[in-house]
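Observations on the three-dimensional arrangement
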Amino acid sequence: MLEISGLHAAYGDARVLSDISLSVGEGEIVALLGPNGAGKTTLVKSASGTLPPTAGTVRLGDAELTRLRLHHVAAAGLAVVPEGRRLFTRLTVLDNLEVGAYTREARAHLDETLARVYELFPVLRDRTQQQSGTLSGGEQQMLAIGRALMARPRFLLMDEPSLGLSPLLVGQMFALIQQVAELGLGVLLVEQNVAQALEVSQRGYVLEEGSIVEEGTREQLLASPRVREAYLAL
Ligand code: ATP
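Residues numbered from 1 in each chain as written. Predicted model: local features only at pLDDT ≥ 70, side-chain atom pairs only at ≥ 80, totals over all residues. Heavy atoms only, no water.

Section: the layout of surface pockets
Taken as a whole, the largest pocket encloses approximately 620 Å³ of empty space. In terms of lining, the largest pocket is formed by 22 residues, of which the most central are Thr50, Val80, Pro82, Tyr102 and Arg147. When residues of the lining of the largest pocket are traced back to their parent elements, those giving at least two are helix H1 (40–48), helix H2 (70–76), strand S6 (78–81), helix H3 (93–100) and helix H7 (137–149). Sorting elements by how many residues they give to the lining of the largest pocket places H1 first, with four residues. Along the lines of polarity and charge, the residues of the lining of the largest pocket split into 13 nonpolar, four polar and five charged. Contributing to the lining of the second largest pocket are 17 residues, with Arg116, Leu149, Arg152, Pro153 and Arg154 lying nearest its centre. Elements supplying a minimum of two residues to the lining of the second largest pocket: H2 and helix H5 (110–120). (1 Å grid on protein atoms, 1.4 Å probe; cavity = no way out; pocket = protein on both sides within 12 Å on 5 of 7 lines; lining within 4 Å. Points joined across faces, edges and corners; volume = space filled by probe spheres on them. Helix = DSSP H or I, 4+ residues; strand = E, 2+ residues; numbered from the N terminus. Nonpolar A, V, L, I, M, F, W, Y, C, P; charged D, E, K, R; others polar.)

Pasting the structure below:
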């Protein structure tokens, strides 16, 4: 279980997150919804060690991640698919995947994990030596997810994986995320594509102005007046 409790985060004096508590179970997809500027990316950063929280804890099993350095966060089992993918666009597909395997454990299992990533995303196998900046948007997003998987995480934080993809590819991306969860990984899915995100999620949270204002199962959120009006335009 990935468990965030009482998390606060700020950029200097600007407080962005206040008292965030949420959990993600193994094999579970949990949606994190909210408008632009609500603090979703900040939550991803502060849960994964890029922006140390000002208070609160992030636990993964027995490990307390907020005290760890980045590569130890990865070693503990948490990986991030960042907003905007952040690929090394001049490097090949294979180089990008190898970069993802940066913990000792991941390096020791590199070939095995690579085979699993190629099984999940066959198109990446076909393009191993291609410069990643020349991939299509959908392929780049697959590569970003594949790179995160190379660290052999148990939990993934995905920041808007469908951003910039065509409607057809968005559907495919969500199907792939479901496959990732079926491998037993827990996924926190930050999304603006609310209807589709909820379709693949078991539960979700709504973040507004830095606080969780609502949480529930998919069914509860789909029935919630707030979610229907503000996020599903119903
Ligand atoms: P989006 O969907 O637009 O990415 P978000 O919900 O991810 O929105 P954040 O990017 O986490 O929101 O931003 C939350 C707040 O923190 C915003 O008010 C933003 O202006 C502010 N903020 C984000 N990054 C920084 C930064 N590096 N320095 C100062 N303030 C920041």
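Section: the UniProt feature "domain: ABC transporter" (unreviewed entry) in the protein chain
UniProt's feature table lists "domain: ABC transporter" (unreviewed entry) at residues 2–234, given in the numbering used throughout. Helix makes up 40% of residues 2–234 and strand 26%, with an end-to-end C-alpha separation of 32 Å. (UniProt positions renumbered as here; feature names shortened; annotations may be inferred.)

What about the nonpolar core?
Within the largest apolar cluster, 39 residues are counted, with the highest numbers of intra-cluster contacts made by Phe121, Leu149, Leu156 and Leu189. Elements that contribute at least two residues to this core include exactly S6, H3, H5, H7, strand S7 (155–159), helix H8 (167–182), strand S8 (186–190) and helix H9 (194–200). The element that contributes the greatest number of residues to this core is H8, accounting for seven residues. The contact partners of leucine 189, leaving out residues within four places of it in the chain, are Ile29, Val30, Ala31, Leu32, Met158, Pro161, Phe174, Ile177, Ala197, Val200 and Ser201. In this structure, Ile20, Ala47, Leu65 and Leu188 belong to the second largest nonpolar core, which totals 27 residues. (Core = buried A, V, L, I, M, F, W, Y, C linked by side-chain atoms within 4.5 Å. Buried < 20%, exposed > 50% of the residue type's maximum accessible area, 1.4 Å probe, protein only. Contact = heavy atoms within 4.5 Å.)

Side note on the pairing of S8
Most of S8 is tucked away, with five of its five residues classed as buried. As judged from the four bridges shared by strand S3 (residues 29–33) and S8, these two strands associate in the parallel manner. Pairing of isoleucine 29 across the sheet is with valine 187, part of S8. With five bridges connecting them, S7 and S8 associate as parallel partners. Looking across to S8, one finds that leucine 157 is bridged to leucine 188. (Pairing = 2+ DSSP bridges.)

Details of the environment of isoleucine 4
Inspection of the secondary structure puts isoleucine 4 in strand S1 (residues 2–11). Owing to a relative accessible area of 2%, isoleucine 4 belongs among the buried residues under this scheme. Isoleucine 4 sits 211 residues away from glutamate 215 along the chain, and the two C-alpha atoms are 14 Å apart. When near neighbours in sequence (up to four residues on either side) are disregarded, isoleucine 4 contacts Ile20, Ser21, Leu22, Leu43, Ala47, Thr57 and Val58.

Structural notes on the sheet that holds strand S10 (residues 211–217)
Spatially, six strands are ordered S6-S7-S8-S3-S9-S10 in an open sheet, and the strand pairing comes out mixed. Across the chains shown, the open sheet's two edge strands, defined by having one partner strand only, are S6 and S10. Geometrically, the sheet is characterised by an average inter-axis angle of 20° between neighbouring strands, direction not taken into account. In the sheet, strand S9 (residues 203–208) pairs with S10 via six bridges, with the strands oriented antiparallel. Bridge pairing in S10 places arginine 203 opposite threonine 217. (Axes fitted to C-alpha atoms, helices over the stretch in contact; angles between N-to-C directions.)

Description of the pattern of salt bridges
Considering all chains together, one arrives at nine salt bridges under this definition. Glutamate 105 is the salt-bridge partner of arginine 152, the closest N and O atoms lying 3.9 Å from each other. Pair noted here: arginine 152 is in the loop between H7 and S7 and glutamate 105 is in helix H4 (residues 104–108), with a separation of 47 residues, a long-range link. Judged by its relative accessible area of 47%, glutamate 105 is partly exposed. (Salt bridge = Lys/Arg side-chain N within 4 Å of Asp/Glu carboxyl O.)

Let's talk about the pairing of strand S4 (residues 55–60)
In this structure, S1 lies alongside S4, joined through five bridges in antiparallel fashion. The partner of histidine 8 across the bridge, within S4, is alanine 55. Looking at chain direction, S4 and strand S5 (residues 63–64) are connected through two bridges and run antiparallel. Residue pairing across strands places leucine 60 opposite alanine 63, the latter belonging to S5.

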